[in-house]
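Below, each chain spelled out in residue letters.
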Amino acid sequence: MKKLFVTLMTVLMVIGVCPESLSAAQKKKKAAVEPKVEFKLPSDETDAEKAARMQWWTDARFGMFIHWGLYALPARHEWVRNRERITNEQYEKYFKHFNPDLYNPKEWARQAKEAGMKYVVLTSKHHEGFCLWDTKYTDYKATNTPIGRDLLKEYVDAFRAEGIRIGFYYSLIDWHHPDFTIDRIHPLRIDNGTKEQYAKLNEGKDMAKYRQYMKDQITELLTNYGKIDIIWFDYSYPGENGKGHEDWDSEGLLKLARTLQPGIIVDNRLDLNDVWGGWDIQTPEQVKVASHPTWNGKKVHWETCQTFSGSWGYYRDETTWKSPAQLIELLSETVSKGGNLLLNVGPTARGEFDYRATERLKAMGEWMHANSRSIYGCTEAPEDLKAPANTILTYNPKTNVLYIHLLNYPMGKLPCEFLDKIEYAQFLHDASEIKFDQKGFTLPILKPHVEIPVIEVFLKK
Ligand code: GLC
């Protein structure tokens with residue numbers, strides 16, 4: 001009971017419902033009896049404590065991103081409102097016709113699990129402002145469209161049932177909310193607009209109200225759906241006619257999230273990059289990093305988010321889909337630099353994964369079935385082990401096993417510079433021995449029936 005009260009009070013204080021009316025004496029008394037709150041802000045954590053909090057995520061290495069909203073109907077990018085400068089009124093037709101009758105998140109969860117993904121992050125609200133859950137704070141939500149269901153709740157239940165950790169993406173940007181001020185990326189922006197022009201355009205809008213709206217919604221999301229493992233705020237663009245941490249009250253949002261869900265993992269798009277504890281993970285988007293990202297000279301937790309085909313939301317006519325081999329390489333390469341891959345699916349407006357996404361998830365699942373030991377719990381290889389030509393190395397520090405991913409299958413012999421450190425080697429997919437001598441590994445001429453074969457190398461103790 002007491003614990004519940006303390007948690008409730010902490011929440012109220014964080015969201016600004018602080019009982020200002022208490023007298024100074026009352027406050028003092030209260031402070032004296034109030035035990036220290038159980039959660040720690042990341043800024044109070046030691047590196048070891050943070051590593052422990054992040055352990056499940058570090059071991060997981062592979063997650064699914066899902067971008068789903070009204071933009072699935074125009075089916076030409078989730079930024080369609082920005083790109084085509086669409087007003088709220090013009091966009092209304094998609095709200096009126098949003099009816100994903102084939103939505104079955106159990107099927108989504110099955111596909112994610114089979115692909116080997118251990119966590120998932122779904123857009124509860126994207127920049128368009130449409131909410132997938134039954135929020136109390138706006139009518140602009142799934143329950144008011146023809147589908148009439150809390151789609152987020154069904155998602156949470158389905159993925160949780162598969163043992164997949166749950167994340168919510170929440171857009172800081174909101175092109176629909178009446179108090180969200182028009183800025184340089186808004187659909188109603190002014191080309192090369194001056195500060196003064198924007199001020200005039202935004203007369204009557206009150207960002208303070210929008211800040212409260214976000215807090216109310218984050219409170220709903222992190223209270224009504226059980227344990228939430230990740231909150232993915234997106235994104236900040238400080239500077240002239242942009243928005244940064246002061247516009248969002250990022251510090252307040254972060255504290256709120258941590259209070260409601262101690263242990264939750266938070267991305268780095270709140271514009272608190274310079275603050276230790278302002279984020280848990282760095283999130284390079286659609287790039288291969290050159291090396292393990294650092295902050296103040298220290299290696300940090302990081303996750304790259306990537307699309308199958310250039311758009312996050314469903315894009316019917318987009319054809320630049322990555323091949324299974326490219327995707328498997330992307331995953332291995334990410335792990336080889338100590339990071340995670342969050343791979344995105346943009347479901348259709350009927351509520352299904354596009355067949356091209358399904359095909360690729362299936363291919364990744366087949367590869368993971370035989371090769372996930374080179375991914376889960378793995379990270380970059382010890383520095384003194386140089387990757388043989390055309391290979392990627394990952395390493396499991398707990399078992400002292402190294403994994404050589406053969407990107408370009410060699411002809412018979414694979415030269416290697418650290419043969420003296422090896423105790424035993426085998427193909428990972430079938431545990432068949434791979435012999436080695438001073439010249440390198442001896443491989444069969446015939447490439448195994450695996451997209452990217454992996455040599456599992458047991459190192460000498
Ligand atoms: C960008 C885009 C957005 C997408 C996100 C994913 O910030 O604005 O559409 O959701 O990246 O990382």
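Please refer to the structure placed before this passage.
Residues numbered from 1 in each chain as written. Predicted model: local features only at pLDDT ≥ 70, side-chain atom pairs only at ≥ 80, totals over all residues. Heavy atoms only, no water.

*Asks:* Requested: an account of the sheet that holds strand E9 (residues 340-345), with residues and values cited.
*Replies:* The strand order across the open sheet built from seven strands is E5-E4-E3-E2-E1-E9-E8, with neighbouring strands paired in parallel fashion. Taken across any chain shown, the strands that pair with only one partner, and hence form the sheet edges, are strand E5 (265-266) and strand E8 (303-307). Strand direction decides the pairing type here: strand E2 (residues 119-125) and strand E3 (residues 165-171), joined by six bridges, are parallel. Paired with Val 121 across the two strands is Gly 167, which belongs to E3. (Pairing = 2+ DSSP bridges. Helix = DSSP H or I, 4+ residues; strand = E, 2+ residues; numbered from the N terminus.)

*Asks:* Explain the nonpolar core residue by residue, including any values.
*Replies:* Core analysis: the biggest nonpolar cluster contains 93 residues, and Trp 68, Tyr 155, Phe 159, Phe 168 and Ile 231 have the highest contact counts within it. When residues no more than four places from it in sequence are discounted, the contact partners of Phe 168 are Val 121, Leu 122, Leu 152, Tyr 155, Val 156, Leu 221, Leu 222, Tyr 225, Ile 228, Ile 230, Ile 231 and Trp 232. (Core = buried A, V, L, I, M, F, W, Y, C linked by side-chain atoms within 4.5 Å. Buried < 20%, exposed > 50% of the residue type's maximum accessible area, 1.4 Å probe, protein only. Contact = heavy atoms within 4.5 Å.)

*Asks:* I'd like to hear about the layout of surface pockets, residue by residue, with values.
*Replies:* It is the rolling of a water-molecule-sized probe over the atoms that shows where space remains empty. Here the largest pocket defines a volume of roughly 360 Å³. Lining the largest pocket we find 16 residues, and of these Ala 51, His 292, Lys 299, Val 300 and His 301 sit closest to its centre. Elements that contribute at least two residues to the lining of the largest pocket include exactly helix H3 (47-53), helix H4 (55-60) and strand E7 (298-299). Considering each element in turn, the lining of the largest pocket owes the most residues, three residues, to H3. Of the residues in the lining of the largest pocket, the class split is four nonpolar, six polar and six charged. (1 Å grid on protein atoms, 1.4 Å probe; cavity = no way out; pocket = protein on both sides within 12 Å on 5 of 7 lines; lining within 4 Å. Points joined across faces, edges and corners; volume = space filled by probe spheres on them. Nonpolar A, V, L, I, M, F, W, Y, C, P; charged D, E, K, R; others polar.)

*Asks:* Which residues make up the packing of aromatic side chains, and what values do they have?
*Replies:* Where two aromatic rings form a pair, the distance of their centres and the angle of their planes describe that pair. Applying the stated criterion across every chain yields a total of 29 aromatic pairs. Judged by centre distance (5.6 Å) and plane angle (75 degrees), the rings of Phe 65 and Trp 312 are edge-to-face. Note that Phe 65 is positioned in strand E1 (residues 62-66) and Trp 312 in the loop between E8 and helix H13 (324-336), a separation of 247 residues in sequence. The pair Phe 65 / Trp 312 is uniform in exposure class, with both members buried. Note on Tyr 235 and Tyr 237: the rings are 5.5 Å apart at their centroids and 65 degrees apart in plane angle, and the pair reads as edge-to-face. (Phe/Tyr/Trp six-rings, centres within 6.5 Å; stacked < 30°, edge-to-face > 60°.)

*Asks:* Kindly report on helix H7 (residues 105-115), identifying the contributing residues and their values.
*Replies:* Where H7 is concerned, the buried positions are Pro 105, Trp 108, Ala 109, Gln 111, Ala 112 and Ala 115. Down the axis of H7, the buried set is contained in an arc of 160 degrees. They therefore lie on one face. Check the buried side of H7 and you find it contacts E1, helix H8 (151-161) and helix H14 (355-371). Just downstream of H7, Gly 116 is the residue with a positive phi angle, here 100 degrees. (Arc of directions from axis to C-beta.)

*Asks:* Report on helix H10 (residues 207-221), specifying residues and quantitative values.
*Replies:* Owing to its 3.6 residues per turn, the α-helix aligns residues three or four sequence positions apart on the same side. Across its 15 residues, H10 extends 21 Å between first and last C-alpha, which sits within 8% of the 21 Å expected from 1.5 Å per residue. Taken together, the buried positions of H10 are occupied by Met 207, Tyr 210, Tyr 213, Met 214, Lys 215, Asp 216, Gln 217, Ile 218, Thr 219, Glu 220 and Leu 221. Looking at the packing, one finds that the buried side of H10 touches E2, H8, E3, strand E4 (230-234), helix H11 (245-248) and helix H12 (250-260). The distance from a side-chain oxygen at the start of H10 to the backbone nitrogen of Ala 208 is 3.0 Å, and the residue carrying that oxygen is Asp 206. (Expected span 1.5 Å × (residues − 1). Polar contact = N/O pair within 3.5 Å; in protein donor to acceptor, adjacent residues only side chain to side chain.)

*Asks:* Give me the pattern of salt bridges: which residues, what numbers.
*Replies:* Enumeration according to the criterion identifies 30 salt bridges in this entry. Here Glu 107 makes a salt bridge to Arg 110, at a shortest N to O gap of 2.7 Å. Note that Glu 107 and Arg 110 are positioned in helix H7 at a spacing of three residues, about one turn of the helix. The class of Glu 107 is partly exposed, set by a relative accessible area of 30%. You can call Arg 110 partly exposed: its relative accessible area is 33%. A salt bridge links Lys 299 to Glu 380, with the nearest nitrogen and oxygen atoms 3.5 Å apart. One end of the pair, Lys 299, is in strand E7; the other, Glu 380, is in the loop between H14 and strand E10 (391-396), and 81 residues separate them in sequence. Residue classification places Glu 380 among the partly exposed positions, given a relative accessible area of 23%. When salt bridges with common partners are traced through the structure, they connect Glu 45, Arg 53, Arg 258 and Asp 280 into a single cluster. (Salt bridge = Lys/Arg side-chain N within 4 Å of Asp/Glu carboxyl O.)

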